[in-house]
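Single-letter residue listing:
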Amino acid sequence: MPSRSWHSKSRHGCRQCKKRHIKCDLRQTGCENCSKKGLECDFQQQRNVSASRPDSAAWQLSTTHTSSHTGRSLHDLSLPCSGGKLICLVEDNPMAAWDPVLVMHIQKHAFLQHAFRALAILRSNENLLNTGANDYVDAYRLHLAALGDFRCYLANAGKLNWVPTVMFTMAVIIIEIRGLVTQQDRHSLVNMLTTLRSSATLVASVAARFMKQREEGERQRHAAVLQLPLVRLATQQRIAELDHAISALDINNDLDAHYQQSISALKDWLIRTQCRPRTWGHLIQWPASLGDEFIESVHLGQPLALLLYYYWASAIGDGLKSWFFTDWSNSVPVYIKAEVFSS
């Protein structure tokens, strides 16, 4: 996946930037390049024209936008699955029941149009062997456009509608997951944690009531499941394995407070998910509890921080089987484990 410093001329920007072959920042009120030159920016007009085209489905929003290297339209790329399947975490997840709601909000919001186009590109080539560099470039361009539109939405929306906001956070997380599966390094590890933590904060602020209802239902179900002897034994064994691995690091001094908190939160998460996470709430719960000190420890490659990350990533690979977790188990935990033993 392209690095954060990736740059190219604009494909979705205003006419002025396209003529000058420079990158447009896609700012809704007028791009910076036009402002500096004293030109009238027509980006908003271009976006309105694009958004007014007839749509046959939620993510099939522009049959004229084609991949630069294949000539295929995004309409074709999205045929194998519905909007719900693009963002569901497991095969039996009922997200497909949300399709009518997804259609309505994606047609309404430009940031969701861009985000779901990006997912359609990646979903069409979920096997890494079939995904070329240009696929990620096209998806990342759309991702950047979606981020720009979402910032404008946050600035101008007043009271946020929680449904499109939550949908967008899901799409952003999926892009980060595919990026980490494609390229493992400490920077990508940190990006994954910070994206999940920021998403959890945003979702909690706009959908607190919904999340509370979901958590209560999950808590009751988990309490019943943990009464099963085999489930309880498997969870206890995983936590004992974690304790043993921490002891094997032979850390001489007392653990810092942020490590103690992170270890405790990870154990609580393993118990809550029975070591097999299945929901979006499960995915973001542990990263949401992490502080800046722990994330900095991951960035510095400290063995204990990477060890905790490894146990979280391994459980994620065991529980979540969606298309965007393809090859996760064969790449992310393997990389982190190698980093732990090389430190």
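As shown above, the structure is provided for reference.
Every chain is numbered on its own, with residues counted from 1 as its sequence reads. A pLDDT threshold of at least 70 governs which residues receive local features in this predicted model, and a stricter bar of 80 or more applies before side-chain atom pairs are shown or counted, although totals over entire chains, interfaces and linings include all residues. Working from all heavy atoms in the structure, the side-chain values ignore hydrogens and water.

1. Notes on helix α12 (residues 229-248)
Alright, step 1. Strands are runs of DSSP state E lasting at least two residues, helices are runs of H or I lasting at least four, and both sets are numbered from the N terminus onward. The span one expects for a helix is its residue count, reduced by one, times 1.5 Å. Counted at 1.5 Å a residue, the expected span for α12 with its 20 residues is 28 Å, and the 28 Å between its end C-alpha atoms agrees.
Alright, step 2. Only heavy atoms matter for contacts: two residues are in contact if any of them lie within 4.5 Å across the pair. Looking at the buried positions of α12, the neighbouring elements they touch are α13 (257-273) and α16 (303-319).
Alright, step 3. Following α12 by one or two positions, aspartate 250 has its phi on the positive side, about 55°.

2. Notes on the environment of methionine 192
Alright, step 1. Relative to the elements of secondary structure, methionine 192 occurs in helix α10 (residues 186-206).
Alright, step 2. Each residue is placed in one exposure class: buried if its accessible area under a 1.4 Å probe, protein chains only, is under 20% of its type's maximum, exposed if it is over 50%, and partly exposed if it falls in between. Look at methionine 192 and you get buried, because its relative accessible area is 1%.
Alright, step 3. Between the C-alpha atom of methionine 192 and that of isoleucine 175, which follows or precedes it by 17 residues, the distance is 9.8 Å.
Alright, step 4. With near-sequence residues (within four places) excluded, methionine 192 lies in contact with Ile173, Glu176, Ile177, Leu180 and Tyr309.

3. Considerations on the side chain of glutamine 274
Alright, step 1. Tracing the backbone through its elements, the reader meets glutamine 274 in the loop between α13 and α14 (280-288).
Alright, step 2. Exposure remark for glutamine 274: the relative accessible area of 11% places this residue in the buried category.
Alright, step 3. Two N or O atoms form a polar contact when they lie within 3.5 Å of each other; inside protein one atom must be a possible hydrogen donor and the other a possible acceptor, and for residues adjacent in sequence the pair counts only when both atoms belong to side chains. For glutamine 274, the side chain forms a polar contact with the main-chain oxygen of arginine 272, separated by 3.1 Å.
Alright, step 4. At 3.2 Å, the side chain of glutamine 274 and the side chain of arginine 278 are in polar contact.

4. Concerning unusual backbone geometry
Alright, step 1. Of note in this structure, glutamine 274 is not a glycine but carries a positive phi near 55°.
Alright, step 2. Even without being a glycine, aspartate 327 presents a positive backbone phi close to 70°.
Alright, step 3. Take aspartate 327: it is sitting in the loop between α16 and α17 (332-342).

5. Overview of the packing of aromatic side chains
What characterises a pair of aromatic rings is the spacing of the ring centres plus the angle enclosed by the ring planes.
Alright, step 1. Two aromatic rings from Phe, Tyr or Trp, using only the six-membered ring of Trp, form a pair when their centres are within 6.5 Å; if the ring planes differ by under 30 degrees the pair is stacked, by over 60 it is edge-to-face, and anything between is tilted. Counted according to the given criterion, the structure contains 15 aromatic pairs.
Alright, step 2. Ring centres of phenylalanine 111 and phenylalanine 150 lie 5.1 Å apart, and the angle between their planes is 70°; on these two criteria the pair is classed as edge-to-face. Taken together, the residues span a long stretch of sequence, with phenylalanine 111 in helix α7 (residues 110-124) and phenylalanine 150 in helix α8 (residues 133-156) at a distance of 39 residues.
Alright, step 3. With relative accessibility at 2%, the residue phenylalanine 111 sits in the buried group.
Alright, step 4. According to the relative accessible area criterion, phenylalanine 150 is buried, its value standing at 7%.
Alright, step 5. With a centroid separation of 6.0 Å and 35° between ring planes, the pair formed by tryptophan 286 and tryptophan 312 is classed as tilted. Pair noted here: tryptophan 286 is in helix α14 and tryptophan 312 is in helix α16, with a separation of 26 residues, a long-range link.
Alright, step 6. Take tryptophan 312: its relative accessible area is 0%, and that puts it in the buried class.
Alright, step 7. Among the aromatic residues, ring-to-ring pairing joins Tyr259, Trp280, Trp286, Phe294, Tyr309, Trp312, Trp323, Phe324, Phe325 and Trp328 into one connected group.

6. Regarding the packing of α12 against α13
Alright, step 1. In this description, a line fitted to the C-alpha atoms serves as the axis of each element, helices being fitted only across the stretch in contact, and the angle between N-to-C directions of two axes falls anywhere from 0 to 180 degrees. At a minimum axis distance of 9 Å, the contact between α12 and α13 shows a crossing angle of 160°. Between α12 and α13, the interaxial angle falls into the category roughly antiparallel. Here α12 and α13 pass one another in a crossing that is right-handed. On the side of α12, the interface is formed by Thr235, Arg238, Ile239, Leu242, Asp243 and Ile246, while α13 contributes Ile263, Leu266, Lys267, Leu270 and Ile271. Should an angle fall under 35 degrees it is taken as roughly parallel, and over 145 as roughly antiparallel, whereas 65 to 115 is taken as roughly perpendicular and any remaining angle as oblique. Here is the rule for handedness: rotate from the far helix to the near one, and if that takes an anticlockwise turn smaller than a right angle the crossing is left-handed, while a clockwise turn gives right-handed.

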